[in-house]
Amino acid sequence: MIVGNGFFKPNISSFVGTLYEKGDVRRDSGFTIFYMGINVGAAVAPILCGWLGATYGWHYGFGAAGIGMLTGLIVFWKGSKNGVFGDHGLPPSEEALNENVFGLKKKHWVPVAAVLLVPIIAYLIQFGDFVLEAFGSVMFEGTIVSFIFNILVLCVLVYLIWTFTKVSGKERGQLFMVLYMTLLMTVFWAFYELTGSLLTLFADRNVALVGFTAAGTNGITAIFVVLLAIPFSAMWIALKKKNLNPRTPYKFAIGLLLIGVGFYVLALSGGFANAEGKVPMMFLVVAYFLLVVGELNMSPVGLSKITELTPKKLVGFMMGIWFMAVAYAFNIGGWIGRSMAINTDDIESASGLDSLAVYVEGFEKIGTFGLGLGLVALVLAPFLKKLMHEVH
């Protein structure tokens, strides 16, 4: 799944970017609709697969996910065969792909390398704790995957510095904006992706759920994306026609402010808890709504701007950095989750009010950080928009 997703996520987003010329006012809206399509699956999957897993066993849940992936592949293949995409998404140079490297064509090395990577990655995931000592002190302590990931980040930074020396001044400013957006998106995802871990546990322990299992609440954000994507898409076009569409740096600031407000809503829920420490589900729904509105201001817009701001030959690489930032965000989210873990050997014996107190304190801290960073981004927006030049 890791290797397959590596082929899918950066490529499909870059591919959508090729459907629009630079400056096309429909670009942000197109990415928003594309984002809605992704979230149709994200809405159905937690509810359906979670129900199958809880009712019949988790093999059925994973099996249903596999059927969904295969169905998507068939639909895409059929569209390609029918010429729906025209010449979009084709390799930039067939000759380069057919070059021989160590007796094998370049285009054949890609699937071969992917297959060979699967057992290597599987082994690395199973690898235990890793400690690197040098000069009598511990330089790194964690898993081997985390260590390799950190080395990869360092290599990417070196390559980016080198790239900055090879592009024009205008391109340098636009690449800086891509990195700036990626940094803000990393923080946003670190908080947002707590929905699949910390907030699921919060829902299980401290939310009076109505019509959803705790696992099923993971579909709420995706449902909101599906409902709001078309209105947002239409809104960007309408605002553009009236010359009122906010520049991208402002949209990112708004997104961070909204995620801060969303976690403050969760923090406020503690004041409405019953004797068992259960809060009304409405607080969770409202918070998720605010997170999704923030997401629609940032994620599809960010995907759109990467394909527009980045020099053509670097789009795939910068899209890879964007998704690598998502991986880094999961690391941050894991640290946040551990810091808010309920300290008990027996969850069933823990007081609901005790766990609620831990969650509320953590939500307040996250909300404060999100609002603070959002305000900083808002102050910087007028200066940073100039680096984008003609790109809106």
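Since the structure is predicted, the reported quantities are computational estimates derived from the model, not experimental observations.

A.B. asks: Mind laying out the overall build of the protein chain, listing which residues take part and the relevant values?
C.D. replies: Along its length, the protein chain carries 13 helices and 6 strands. Since a compact globule built from 392 residues should have a radius of gyration of about 21 Å, the 22 Å found for the protein chain is in line with a globular shape. Residues counted as buried form 40% of the 392 residues belonging to the protein chain. Partitioning the contacts of the protein chain with sequence separation of at least 6, the portion at a separation of at least 24 is 75%.

A.B. asks: Run through unusual backbone geometry, naming residues and quoting values.
C.D. replies: Of note, the phi angle at Phe102 is positive, near 55°, even though the residue is not glycine. In this structure, Phe102 sits in the loop between β1 (100–101) and β2 (104–105). Phi at Asn243 takes a positive value of approximately 60°, unusual for a residue other than glycine. Relative to the helices and strands, Asn243 resides in the loop between α9 (218–241) and α10 (248–268). The exposure class assigned to Asn243 is exposed, which follows from its relative accessible area of 70%.

A.B. asks: I'd like a rundown of the packing of aromatic side chains, residues and numbers included.
C.D. replies: Taken as a whole and assessed by the stated rule, the structure comprises 20 aromatic pairs. A centroid spacing of 5.1 Å and a plane angle of 85° characterise the contact between Phe15 and Phe85, whose relative ring orientation is edge-to-face. Of the two residues, Phe15 sits in helix α1 (residues 2–18) while Phe85 sits in the loop between α3 (58–81) and α4 (94–97), which places them 70 residues apart along the sequence. Residues Phe191 and Phe263 carry aromatic rings whose centres are separated by 6.3 Å and whose planes lie at 65° to one another, so their mutual orientation is edge-to-face. Of this pair, Phe191 sits in helix α7 (residues 169–192) while Phe263 is found in helix α10, placing the two residues 72 residues apart along the sequence.

A.B. asks: For the environment of Pro46, give the residues involved together with the corresponding values.
C.D. replies: With respect to the helices and strands, Pro46 occurs in helix α2 (residues 27–56). Residues Pro46 and Ala222 lie 176 residues apart in sequence; the distance between their C-alpha atoms is 9.6 Å. The residues touching Pro46, leaving out its near neighbours within four places in the chain, are Gly41, Trp51, Ala215, Gly216, Asn218 and Gly219.

A.B. asks: Please provide a residue-by-residue account of the nonpolar core, values included.
C.D. replies: Ranked by size, the top nonpolar core spans 82 residues in total, and within it Phe202, Phe263 and Phe363 carry the most contacts. The element best represented in this core is helix α11 (residues 281–309), accounting for 15 residues. Every residue in contact with Phe363, bar those within four places of it in the chain, is listed here: Leu198, Leu199, Phe202, Phe263, Leu266, Ala267 and Met340.

A.B. asks: So, helix α6 (residues 144–164): which residues are in play, and what are the values?
C.D. replies: Under the 1.5 Å per step criterion, the end-to-end length of α6 is 30 Å for 21 residues, consistent within 8% with the ideal 30 Å. Of the surrounding elements, those touching the buried residues of α6 are α5 (106–126), β3 (129–134), β4 (137–143), α7 and α12 (315–339).

A.B. asks: Explain the pattern of salt bridges to me, and be specific about the residues and the numbers.
C.D. replies: Within the structure shown, the criterion is met by 3 salt bridges. The residue Lys106 makes a salt bridge to Glu99 at a minimum N-O spacing of 3.5 Å. Residue classification places Lys106 among the partly exposed positions, given a relative accessible area of 37%. Between Glu361 and Lys365 there is a salt bridge, and its shortest N-O distance comes to 3.6 Å. Here Glu361 and its partner Lys365 are both found in helix α13 (residues 352–384), 4 residues apart, which amounts to about one turn of the helix. Owing to a relative accessible area of 47%, Glu361 belongs among the partly exposed residues under this scheme.

A.B. asks: Account for the confidence of the model for the protein chain, naming residues and giving values.
C.D. replies: The predicted model of the protein chain averages 85 in pLDDT, with 97% of residues at 70 or higher. Ranking the helices and strands of the protein chain by mean pLDDT puts strand β6 (residues 279–280) first, with 96, and β4 last, with 73.

A.B. asks: Describe in detail a nonpolar patch on the surface, supporting the description with residues and values.
C.D. replies: On the surface, Val40, Val44, Leu48, Trp51, Tyr56 and Tyr60 cluster together into a nonpolar patch covering about 640 Å² of accessible area. Residue position: Leu48 is located in helix α2.

A.B. asks: Now, about α5: what can you tell me, with residues and values included?
C.D. replies: For α5, built from 21 residues, the straight-helix expectation of 30 Å at 1.5 Å per residue is met to within 8% by its first-to-last C-alpha distance of 31 Å. In the structure, α5 departs most strongly from a straight axis at Leu117, where the bend amounts to approximately 30° and where the proline Pro119 lies between one and four residues downstream.

What counts, and where the lines are drawn
- Residues numbered from 1 in each chain as written.
- Predicted model: local features only at pLDDT ≥ 70, side-chain atom pairs only at ≥ 80, totals over all residues.
- Heavy atoms only, no water.
- Helix = DSSP H or I, 4+ residues; strand = E, 2+ residues; numbered from the N terminus.
- Rg over C-alpha atoms; globule rule 2.2 N^0.38 Å.
- Buried < 20%, exposed > 50% of the residue type's maximum accessible area, 1.4 Å probe, protein only.
- Contact = heavy atoms within 4.5 Å.
- Phe/Tyr/Trp six-rings, centres within 6.5 Å; stacked < 30°, edge-to-face > 60°.
- Core = buried A, V, L, I, M, F, W, Y, C linked by side-chain atoms within 4.5 Å.
- Expected span 1.5 Å × (residues − 1).
- Salt bridge = Lys/Arg side-chain N within 4 Å of Asp/Glu carboxyl O.
- pLDDT = per-residue confidence, 0-100.
- Patch = residues over 30% accessible without salt bridge, like charges linked within 9 Å, V, L, I, M, F, W, Y side chains within 5 Å.
- Areas by Shrake-Rupley, 256 points an atom, 1.4 Å probe, with all protein chains shown as cover.
- Bend = angle between axes of the 7 residues up to and from the residue.

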